[in-house]
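Coordinate inspection notes
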Amino acid sequence: MNSHEVDYKIGGHDIQYVEIELDPNETVIAEAGAMLYMKDGIDFQTKMGDGSEPDKGLFGKLLSAASRKIAGESIFITHFTHRGMGKSHVAFAAPYPGTIVPLELNELGGKVIVQRDAFLCAALGTKISMHFNRRLGAGFFGGEGFILQKLQGDGRAFIHAGGTLIEHELNGETLRVDTGCVVGFQEGIDFSIEQAGGLKSMVFGGEGLFLATLRGTGKVWLQSMPISKLIDQLSPGGSNANKGERGGLLENLLEG
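Keep in mind the model is a prediction, meaning the values are calculated, not measured.

1. Remarks on the overall build of the protein
Counting secondary structure elements, the protein contains 5 helices and 17 strands. Classification of the 256 residues of the protein by burial places 44% in the buried group. Taking all contacts inside the protein whose residues are at least 6 apart in sequence as the whole, residues at least 24 apart take part in 79%. Accessible surface, the protein: about 12900 Å² in total, of which carbon and sulfur atoms supply 54%.

2. What about the packing of aromatic side chains?
One pass over the structure, following the stated rule, counts 4 aromatic pairs. Members of the aromatic cluster, each reached through a chain of ring pairs, are Phe 44, Phe 80 and Phe 92.

3. Side note on the sheet that holds strand S13 (residues 156–162)
What the 6 strands build is an open sheet, ordered S5-S6-S3-S10-S13-S8; its pairing is antiparallel. Each of the sheet's edge strands pairs with one partner strand only, and the pair in question is strand S5 (42–47) and strand S8 (98–104). Taken pair by pair, the neighbouring strands of this sheet meet at an average axis angle of 20°, ignoring direction. Pairing geometry for strand S3 (residues 27–31) and strand S6 (residues 77–82), over 5 bridges, is antiparallel. Paired with Glu 31 across the two strands is Ile 77, which belongs to S6.

4. A short note on the nonpolar core
As a rule of thumb, nonpolar side chains are buried together in soluble globular proteins. Core analysis: the biggest nonpolar cluster contains 19 residues, and Ile 29, Leu 103, Val 112, Leu 151, Ile 159 and Trp 221 have the highest contact counts within it. Of all the secondary structure elements, the ones that give two or more residues to this core are S8, strand S9 (111–115), strand S10 (119–123) and S13. Here the element with the most residues in this core is S13; it accounts for 3 residues. Those residues within four positions of Ile 159 in sequence are excluded, and the remaining contacts are Thr 99, Ile 100, Val 101, Leu 103, Val 114, Ala 118, Phe 119, Leu 120, Leu 151 and Val 183. Ala 34, Phe 80, Ala 94 and Leu 120 belong to the second-largest nonpolar core, a separate cluster that totals 17 residues.

5. Let's talk about unusual backbone geometry
At Asn 25, a position not held by glycine, the phi torsion is positive, near 70°. Mapped onto the fold, Asn 25 is located in the loop between strand S2 (17–22) and S3.

6. Here's the deal with the confidence of the model for the protein
Overall, the predicted model of the protein reaches an average pLDDT of 79, with 68% of residues at or above 70. Highest mean pLDDT in the protein belongs to S2 (97); lowest belongs to helix H2 (residues 136–141) (45). The low-confidence segment residues 136–145, where pLDDT is below 50, has 16 contacts with residues more than four positions distant or belonging to other chains. Here residues 241–251 is modelled with pLDDT under 50, and outside its nearest four sequence neighbours on either side it reaches 14 contacts, counting other chains as well.

7. As for the sheet that holds strand S1 (residues 7–11)
With antiparallel pairing, the 4 strands of this open sheet are ordered in space as S1-S2-S7-S4. Each edge of the sheet is formed by a strand with only one pairing partner; in this case those strands are S1 and strand S4 (35–38). Adjacent strand axes in the sheet meet at a mean angle of 20° when their direction is disregarded.

8. Notes on the pairing of strand S7 (residues 88–93)
For S7, a buried count of 5 out of 6 residues is recorded, marking the element as mostly surrounded by other parts of the structure. The pairing of S4 with S7 spans 3 bridges and is classified as antiparallel. Along S7, the bridge assignment pairs Met 35 with Phe 92.

9. Looking at the pattern of salt bridges
The tally for this structure, following the rule as stated, stands at 9 salt bridges. As a salt-bridge pair, Arg 156 and Asp 7 come within 3.8 Å of each other at their nearest N and O atoms. Separated by 149 residues along the polypeptide, Arg 156 in strand S13 and Asp 7 in strand S1 bring together distant segments of the chain. Residue Arg 156 is classed as partly exposed on the basis of its relative accessible area of 23%.

What counts, and at which threshold
- Residues numbered from 1 in each chain as written.
- Predicted model: local features only at pLDDT ≥ 70, side-chain atom pairs only at ≥ 80, totals over all residues.
- Heavy atoms only, no water.
- Helix = DSSP H or I, 4+ residues; strand = E, 2+ residues; numbered from the N terminus.
- Buried < 20%, exposed > 50% of the residue type's maximum accessible area, 1.4 Å probe, protein only.
- Contact = heavy atoms within 4.5 Å.
- Areas by Shrake-Rupley, 256 points an atom, 1.4 Å probe, with all protein chains shown as cover.
- Phe/Tyr/Trp six-rings, centres within 6.5 Å; stacked < 30°, edge-to-face > 60°.
- Pairing = 2+ DSSP bridges.
- Axes fitted to C-alpha atoms, helices over the stretch in contact; angles between N-to-C directions.
- Core = buried A, V, L, I, M, F, W, Y, C linked by side-chain atoms within 4.5 Å.
- pLDDT = per-residue confidence, 0-100.
- Salt bridge = Lys/Arg side-chain N within 4 Å of Asp/Glu carboxyl O.

Structure follows, in structure tokens:
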């Protein structure tokens, strides 16, 4: 697998963008709608697939598209190719306030598992596929923590973390995290979703019904403000009101 070698720079503060520098005939792939601007010579095409397996037939492309649909993503990926001379640039914007994280896949074992909405763009040759959690039952109840994608290749890929990015290097350790705060982790990290304490703690504690547990050796990327929390905080009343409603409901049930 030989990904295109693309250079880049990341700019911005609260809402960042990444500008990709392309040589002639180099290509970068991105989620539909992520493009911010592009300069002369850049041609773009929307395709069904990431282009990592150019000889894949129609049936294979349909299967890949179906897996992206299940993961809640668009079945199409946009390919941006420099058709002109010299160098040109195309930029992609983060979808909400946070941090863009460059991943050197060849330095990370060639595979990284990320949350379904974390992927932003990557060099052509990067394979994007759905990653199934072995603990299927717990995953369904864990919500965001279940739907994961695998980024596979030997080039550069870019993901987005909401709020502040926190990177942990686990060395045979265990880390328990709010399910929505996991951005990604290296393949080989054991990932599961477990119940967070008893009924009273889950309702009154405000930490959610489940926690993601990561065990093993490798890198883990976390986000301080996933989009679900941002929406919750911006909604009328915010999370405190919702917690109060849940608490009141439990009290009524216990007293009734």
